[in-house]
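# Observations on the three-dimensional arrangement
Each chain, letter by letter, is given below.
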Amino acid sequence: MQAAPDDPPEVLALLEGRARRRLRLIRRGVEHGTWYELEAPTGPADPRAGSTPRAGESADPDLVTRFRADRPLILRGAVPPGAHGDEGLALGEALATGSLPLGQLPPGIAPLLPSDARPDPPRDRARWTTRSEGCALELWAKASLLSDHEDERSWRLRISAGREPEDEGCRDDAVHREVTRLAEALLPGAARIHGTRPIRELVATCVDGEPLFTQSIGYWNAPGGGALLHHDAFDERVEGGQRGVLYTQLAGSTAWLAVSAHELGHEVQAALRTLLTEGEPLGDLERDRAWALASDPEQVLAELALPGCGALGWLVHGGEEFTGRLVDSGHAFVLDAGDAVVLPNHGLTATCFHSVFCASDGPTYAVSSAIRRPGPPPEPVLETVRIGRRRRTRRRSRRRGR
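A brief look at the structure comes next.

Cut-offs applied
- Residues numbered from 1 in each chain as written.
- Predicted model: local features only at pLDDT ≥ 70, side-chain atom pairs only at ≥ 80, totals over all residues.
- Heavy atoms only, no water.
- Helix = DSSP H or I, 4+ residues; strand = E, 2+ residues; numbered from the N terminus.
- Buried < 20%, exposed > 50% of the residue type's maximum accessible area, 1.4 Å probe, protein only.
- Contact = heavy atoms within 4.5 Å.
- Areas by Shrake-Rupley, 256 points an atom, 1.4 Å probe, with all protein chains shown as cover.
- Pairing = 2+ DSSP bridges.
- Axes fitted to C-alpha atoms, helices over the stretch in contact; angles between N-to-C directions.
- Phe/Tyr/Trp six-rings, centres within 6.5 Å; stacked < 30°, edge-to-face > 60°.
- Lys NZ or Arg CZ within 6 Å of the ring centre and 35° of its normal.
- Parallel < 35°, antiparallel > 145°, perpendicular 65-115°, else oblique.
- Left-handed = near helix turned anticlockwise from the far one by under 90°.

### Considerations on the overall build of the chain
Within the chain, the regular secondary structure consists of 11 helices and 17 strands. Here the chain holds 402 residues, and the buried ones make up 50% of them. The contacts of the chain with a sequence gap of at least 6 include a subset with a gap of at least 24, amounting to 70%. Carbon together with sulfur atoms contributes 50% to the accessible area of the chain, which is approximately 19100 Å² in total.

Have a look at this one:
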């Protein structure tokens, strides 16, 4: 839970006594409050927390329901980090100096060569490209800072193919398989994560088919860094597209907010109504527009789906107050080395928003991979519906729950 600025000393003392750890979260100079991770109660688990059984335990039938509702699935101890955490931290140190240590690349993939392309000049620091016999697009790896903030020390190494951003939503399975092969060669622990049987079985149950993990990113979240609240959805058909993201912590700890788009929309509307009623500042948002958003869930979802959460960015990224609202609603958790989280996606307005903070005294290392269900979309079932004296044929997906 999060301590409030006006909490009396006796409340803070109680929190300090019950807490497993205390985290003061600051991201790019903005205070997001002090979190207390409390000892787990002995009673039933809070259903809002979204914590799943440890990898390898019997599957919970509610997991698929949570996935379809765009809520996070947390896997404690999903992957024993072993040596991959140390190897990942060493890779992060090398990237900070502009180098990419290369081991043996998979058969059919040519050596990586430096590239001068910088699609995002303030953040992009180094880029390498290669070709594969099994891929029609150019493969690449790119090292970038997470932001252009002057004190930014958090890095990511992204593995993908083709043009940026035109091919980011590529739906060619052959391309994605080659991207996966390259990522597993470059990112310590990626191959182990992708091949972990309990993870694969869980994700396969959620997406109703064998998953493909691709477009992987290595993350090095440093103290004071992290990711603003965002989603990973594309403007595309769900069938055959990206179905979510698997994020696995391999070294250090990260603190998270993860919430479905619809639940986030409700929290935003409640916050807007409070600000409007009390006459508080609304950033650059006009009052009439704020009232419209506070009254219409569809408008809120459409605005949140925009880059940076559109006109609502000032609210959701603003700091301690809105962060505390999400924490108090049960949308916060911490990932330690070996833990993972599945972030579902069913489209721009039906996805899992998430925000990340470094929760360690030094750099951390994690691997994030997109989840796809390879193969063509399922064939629709044609059924005839009688409407009065007329018949109309409609398309119905074979997918369960759609």
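### Here we look at unusual backbone geometry
With omega at 0°, the peptide bond leading from E164 into P165 counts as cis. Relative to the helices and strands, P165 resides in the loop between β7 (155-161) and α4 (173-186). Even without a glycine there, the phi angle at D70 is positive, about 65°. Note on placement: D70 falls in the loop between α2 (62-68) and β3 (73-75). The class for D70 is buried, based on a relative accessible area of 4%. Even without being a glycine, Q215 presents a positive backbone phi close to 45°. By relative accessible area, which is 10% here, Q215 ends up buried.

### Details of the sheet that holds strand β11 (residues 254-260)
Spatially, the 4 strands line up as an open sheet ordered β9-β14-β11-β12, and their pairing is antiparallel. Either end of the sheet is taken by a strand with one partner, and the two such strands are β9 (226-230) and β12 (332-335). Adjacent strand axes in the sheet meet at a mean angle of 25°, parallel and antiparallel pairs treated alike. The sheet contact formed by β9 and strand β14 (residues 352-358) spans 3 bridges and is antiparallel. Across the sheet, A227 pairs through a bridge with V356, a residue of β14.

### Quick notes on the packing of aromatic side chains
For the coordinates displayed, the defined rule picks out 5 aromatic pairs. Pairing Y219 with Y247 gives two aromatic rings, centres 6.1 Å apart and planes at 35°, and the pair type is tilted. With Y219 in strand β8 (residues 212-220) and Y247 in strand β10 (residues 242-251), this residue pair connects regions lying 28 residues apart in the sequence. The residues Y219 and Y247 share a single accessibility class, namely buried. Through successive ring pairs, a cluster of aromatic residues spans Y219, Y247, W256 and F333. A cation over an aromatic ring shows up here: R27 above the ring of F357, its NZ or CZ 4.2 Å from the ring centre.

### Details of the packing of helix α7 (residues 261-278) against helix α8 (residues 287-295)
Contact pair α7 / α8: the axes reach a minimum separation of 8 Å and the direction vectors enclose 140°. Classed by the angle they form, the pair α7 and α8 counts as oblique. Crossing hand, α7 versus α8: left-handed. Of α8, the residues touching α7 (which contributes Q269, L272, R273 and L276) are R287, A290, W291, L293, A294 and S295.

### Side note on the sheet that holds strand β6 (residues 139-145)
As summarised here, the arrangement of the 9 strands in space is β3-β13-β10-β15-β8-β7-β6-β5-β4, forming an open sheet in which the pairing is antiparallel. Of all the strands in the sheet, the pair left with one neighbour each is β3 and β4 (113-115). Strand-to-strand twist across the sheet, computed as the mean angle between neighbouring axes with direction ignored, equals 20°. In this sheet, β8 lies alongside β7 in antiparallel orientation, the contact comprising 4 bridges. What sits directly across from L157, in β8, is G218. The strands touched by helix α3 (residues 84-96) are β5 (124-130), β6, β7, β8, β10 and β15 (365-372); relative to β8, the strand with the most contacts, the crossing angle is about 65°. Helix-sheet contacts for α4 involve β5, β6, β7, β8 and β15, and the interaxial angle to β8 is about 35°.

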